[in-house]
Amino acid sequence: MNFTDDKTELQTPQVKICGITTPETAEACVRLGADAIGCVFFAKSPRNISQEQAREICAAVSGRVATVGVFVNEPADTVAKIVAECGFSCAQLHGKEPQKTVDQLLGQGITVVKALFATREPYIGEAGQYCPSAYLVECGRGSLPGGNAEVWDWRGARKARQAGPLILAGGLSPDNVAAAIKEVFPDAVDVSSGVEAAPGKKDLKKVALFITAVRRSVSAYPSGRTIRRMF
């Protein structure tokens, strides 16, 4: 399903837990109320997994939540192959992929999230140059494409909201996600390092606290502000 195909309005933004490395963790996050889980395909990341691991994770939660494969500067054919073989419901492009790659994947019926950044290319202000299913906006500082725990001025993400559905990421944690939501009013939030005991190892207590904080954010949204269903 393309995100924009479902016009259901929600009370609170949805939650994606990214950097999942085991089926057990994926299932636990689903039980705690996650709407989507993400798996990283980037060799330098401590959260990088194999296609075999990804297949097991997707199979464990199939039909219950969205499953997102996260890629960095991979060709469209490579992304499409992994999405199909692993059973992902969405591809997240977290590098400098051109609009051509987005178009190729959309043309194959794949839901595409394009990442934009506050501190590096592609910048948040370039949202109008892309036409993905949704945007994910984060800081962009650090040694990794994502998952660097860098807190930033989330208000900068508002620029992308006008261009399409918006997922807010970057330095989010149980302690600050409510404040971030109040600044941006996103359709969904994405967290990885902010709910970890160690890189690639999720702390389920933190996951539970994060999801609870998001669910309680309903009062932050102005009257009439629509939250678009993402997953």
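Look up a bit, the structure's there.
Residues numbered from 1 in each chain as written. Predicted model: local features only at pLDDT ≥ 70, side-chain atom pairs only at ≥ 80, totals over all residues. Heavy atoms only, no water.

Observations concerning the packing of aromatic side chains
Put simply, the test is: What counts as a ring pair is set by centres within 6.5 Å for rings of Phe, Tyr and Trp (its six-membered ring), and what kind of pair is set by the plane angle: stacked under 30 degrees, edge-to-face over 60, tilted for all other angles. Starting at the N terminus, helices and strands are each numbered in turn, a helix being any DSSP run of H or I of at least four residues and a strand any DSSP run of E of at least two. The cut-offs for exposure are 20% and 50% of the maximum accessible area for each residue type, with area from a 1.4 Å probe on protein chains only; residues under the lower value are buried, those over the upper are exposed, and the others partly exposed. Distance and angle both matter: a charge sits over a ring if NZ of Lys or CZ of Arg is within 6 Å of the ring centre and within 35 degrees of the ring normal.
Following the criterion strictly, the structure yields 2 aromatic pairs and no others. Residues phenylalanine 41 and phenylalanine 71 carry aromatic rings whose centres are separated by 5.3 Å and whose planes lie at 5 degrees to one another, so their mutual orientation is stacked. Of this pair, phenylalanine 41 sits in strand E2 (residues 36–41) while phenylalanine 71 sits in strand E3 (residues 66–71); the two residues are 30 residues apart in sequence, bridging distant segments of the chain. Phenylalanine 71 shares its class with phenylalanine 41; the two are buried. Between phenylalanine 41 and phenylalanine 88, the aromatic rings sit 5.8 Å apart at their centres with planes inclined by 90 degrees, giving edge-to-face as the arrangement. Separated by 47 residues along the polypeptide, phenylalanine 41 in strand E2 and phenylalanine 88 in the loop between helix H3 (76–86) and strand E4 (90–93) bring together distant segments of the chain. On the basis of relative accessible area, phenylalanine 88 is assigned to the buried category, the value being 8%. Members of the aromatic cluster, joined through ring pairs, are Phe41, Phe71 and Phe88. The aromatic ring of tyrosine 130 is capped on one face by lysine 114, whose charged end is 5.5 Å from the ring centroid. Over the ring of phenylalanine 117 we find arginine 120; its NZ or CZ atom is 3.6 Å from the centre of that ring.

Points about the packing of H3 against helix H4 (residues 99–107)
A pair of packed helices is characterised by two quantities: the angle between their axes and the separation of those axes. What counts, and what does not: Axis geometry follows a simple rule: fit a line to the C-alpha atoms, using only the stretch in contact for helices, then measure angles between N-to-C directions, giving values from 0 to 180 degrees. We call a crossing left-handed when the near helix sits turned anticlockwise from the far one by less than a right angle, and right-handed when that turn is clockwise. Contacts are assigned to residue pairs that have any heavy atoms within 4.5 Å of one another. Residues are grouped as follows: Ala, Val, Leu, Ile, Met, Phe, Trp, Tyr, Cys and Pro are nonpolar; Asp, Glu, Lys and Arg are charged; all remaining types, including Gly, are polar.
Across the interface, H3 lies against H4 with an axial gap of 9 Å and an inter-helix angle of 35 degrees. When you trace H3 past H4, the crossing you get is right-handed. Contacts between H3 and H4 involve Ala76, Val79 and Ala80 from the former and Thr101, Gln104 and Leu105 from the latter. Residues belonging to the contact of H3 with H4 are distributed by class as follows: 4 nonpolar, 2 polar and no charged.

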